[in-house]
Amino acid sequence: MSRHVTFMTIDDAGHYSPGQRAEIVAAYPEHEREARAKGIPVLGSGRIFPVAEETIACEPFKLPRWWPRIGALDFGWDHPSAAVELAWDTEADVVYVTKAHRASQQTPAMQALALKGWGDWLPFAWPRDGRRETLEGAGVALAKQYAAHGLNMLTSHARFADGSVSVEAGLMDILDRMQSGRFKVFSTLHAWFEEFRLFHRKNGQVVKLRDDLMAATRYRKLTLAYVSGAGTLPTSTDGIWLIFTRAGDKGADGTGVGDFTGPASSVTDNIVTFAGTTGKAGKDSGVAVGSLVAGPASAAADNIATFNGTTGKLVKDSGVAVASLAPKVNASFTGTFSPPANAIALNTLADSAAVSVLGRSANSSGTRADIAAGSDDTLLRRVSSALGFGQLTAGMVPAGLVTYAMLASAAIASNSEFQLGTASKLLTAAALKSTVAYQTLTSGASVSWDMSLGNNASLAASTNVTIGNPTNAVPQFGFVLKITAVTSARTVSLSANLVPAAGVESFPITIQTTETVFLAGFVDTASRLVITSVLRT
């Protein structure tokens, strides 16, 4: 039999008028008013946030686009997973809780689906238990599971600037803000206020019961303090102090909207140029605008510019087209043409052989001449003291330079050889891809599985099946078996070598035609394969 607790306040008593409700509340002693009028109990050693709700509640409003916003997660399963969105009015230093979500027994995929509606851009803070690798997640940390489903998770867990994660420090910061009017909550967040009313201590310790939204709210402080360094507030001279990218503020890369950054300082009126090749960073070019050359109001295309006056900053159209300076087809010279010493005359270069290099073939001084390539597939080499084209000969390749990796296809490992580790051969990308691809198993009363062909397999069960003992299983390899049911629901049993781990769904299992089941695990020994999870989708 399940239990449910419903909280009602005097404001939910619609048969009283507002004036009657106010008279009833006023009749109670002041210290009893919240307990009697709003059902807020006095628990244990006392409430953690002993402030009146009306001092922190506010009506929802449209958030200014320039306010920094952040999401915060608290992971859970039987006790709910929770998330809040917070906005920060940096000018008034007021933090607003604007959204809240709480749900039990939901996978990261379902949680991410619900939270992505708040905006794909919204970054999420998360506690350090998000680094934990869970059995249900096949050894993948919780934070990475949420990120894999499209949630914009911060790269590190929430913590203060000094690296600490003090619960009390976070709670005291929130209480300080509440008491000083710098912490507000949208009045429509009923689940948040429900936890707020019950959040208490017992024997001086925080009671970890229905505190999920409270915990998520606390991670906000840790993250903002960590991101901002010392955690101090911005001043009018700080410029942009902390900002998160929001939808509509930034276009696609390359469109030049919203993601250009400049240096920490620059010289007044100097020109900005790109720093690097990203197109997103600028620098001070060191060139002042006043040093630029000014041109005329108009000019003829492809005419040469010349200086106009003696300032060096004004140019004019010379009236001379670039094309008019083209060299003559047959140049003529006056006087005697004499190339510089040690230069090669133009006619010598023009007479070179079709495929050749210019130099000395002999290891001695003298006139340069063509060293011609006599045939295809030759290279320039030195043999004895002569330089010329030819084939490689014995001794030209250092010992050990050619290895089995340079041999014919016999040195390439097959899929089976890779799986079994039976040969010292090279592994190609195609072979590696083949080893992780699903091999299709044949449905029948007993299903054969040869793991030398791959450790991942798929089976469309057209009858009730028993997975036979896999052959050629290699210890310490992981495996995945994807199973679907054809025509009608099918049962799946296991042979002796396939051993479910403790806590895994008991076999035989039944698979409906509407679902896909994944058996995941690892090979312990050649005759013992441990199934660590049964995933149904």
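Before any of the text, the structure's been laid out above.
One structure accompanies this document, and this report is about it. Residue positions within a chain follow its written sequence, with the count starting from 1. Given that this is a predicted model, residues contribute local features only at a pLDDT of at least 70 and side-chain atom pairs are listed and counted only at 80 or more, while totals for whole chains, interfaces and linings are drawn from all residues. Excluded from the side-chain calculations are hydrogens and water; all other atoms, namely the structure's heavy atoms, are used.

1. Looking at helix 5 (residues 167-179)
Each helix corresponds to a stretch of at least 4 residues labelled H or I by DSSP, and each strand to a stretch of at least 2 residues labelled E; elements are numbered beginning at the N terminus. Helix span, expected: 1.5 Å multiplied by one less than the number of residues in the helix. With 13 residues, helix 5 ought to run about 18 Å at 1.5 Å a step, and its terminal C-alpha atoms sit 18 Å apart, in line with that. Working definition: with a 1.4 Å probe on protein chains only, accessible area under 20% of the residue-type maximum means buried, over 50% means exposed, and in between means partly exposed. Taken as a whole, helix 5 has its buried residues at Gly170, Leu171, Asp173, Ile174, Leu175, Arg177 and Met178. Gly181 sits one or two positions beyond helix 5 and adopts a positive phi of about 75°.

2. Things to note about the sheet that holds strand 23 (residues 490-494)
The pairing criterion for strands is at least two bridges between them, as found by DSSP. Overall, mixed pairing links the 4 strands, which are arranged 19-21-23-25 in an open sheet. In this open sheet, the two edge strands, each paired with only one partner strand, are strand 19 (446-447) and strand 25 (509-511). Pairing analysis gives 2 bridges linking strand 19 to strand 21 (residues 465-467), with the strands arranged parallel. Pairing of Val447 across the sheet is with Ile467, part of strand 21.

3. Observations regarding helix 3 (residues 108-115)
Every buried residue of helix 3 is listed here: Pro108, Gln111, Ala112 and Leu115. For helix 3, the arc enclosing every buried residue in end-on projection is 100°, short of the 170-degree limit, so these residues lie on one face. Any two residues whose heavy atoms approach within 4.5 Å at even a single point are treated as in contact. Buried residues in helix 3 make contact with strand 3 (69-74), strand 4 (81-89), strand 5 (94-103), strand 6 (124-125) and helix 4 (142-148). Throughout, the arc means that of the directions going from the helix axis to the C-beta atoms.

4. So, the environment of Leu142
Checked against the element boundaries, Leu142 lands in helix 4. Note: C-alpha distance between Leu142 and Asp129 (13 residues apart in sequence) is 7.8 Å.

5. Digging into unusual backbone geometry
Pro508 follows Phe507 through a cis peptide bond whose omega is 0°. Its identity as a non-glycine residue notwithstanding, Asp269 has a phi of 70°, on the positive side. Its location among the elements puts Asp269 in the loop between helix 7 (212-227) and strand 10 (270-274). For Gln476, which is not a glycine, the phi torsion comes out positive at approximately 75°. Among the secondary structure elements, Gln476 is positioned in the loop between strand 21 and strand 22 (478-485).

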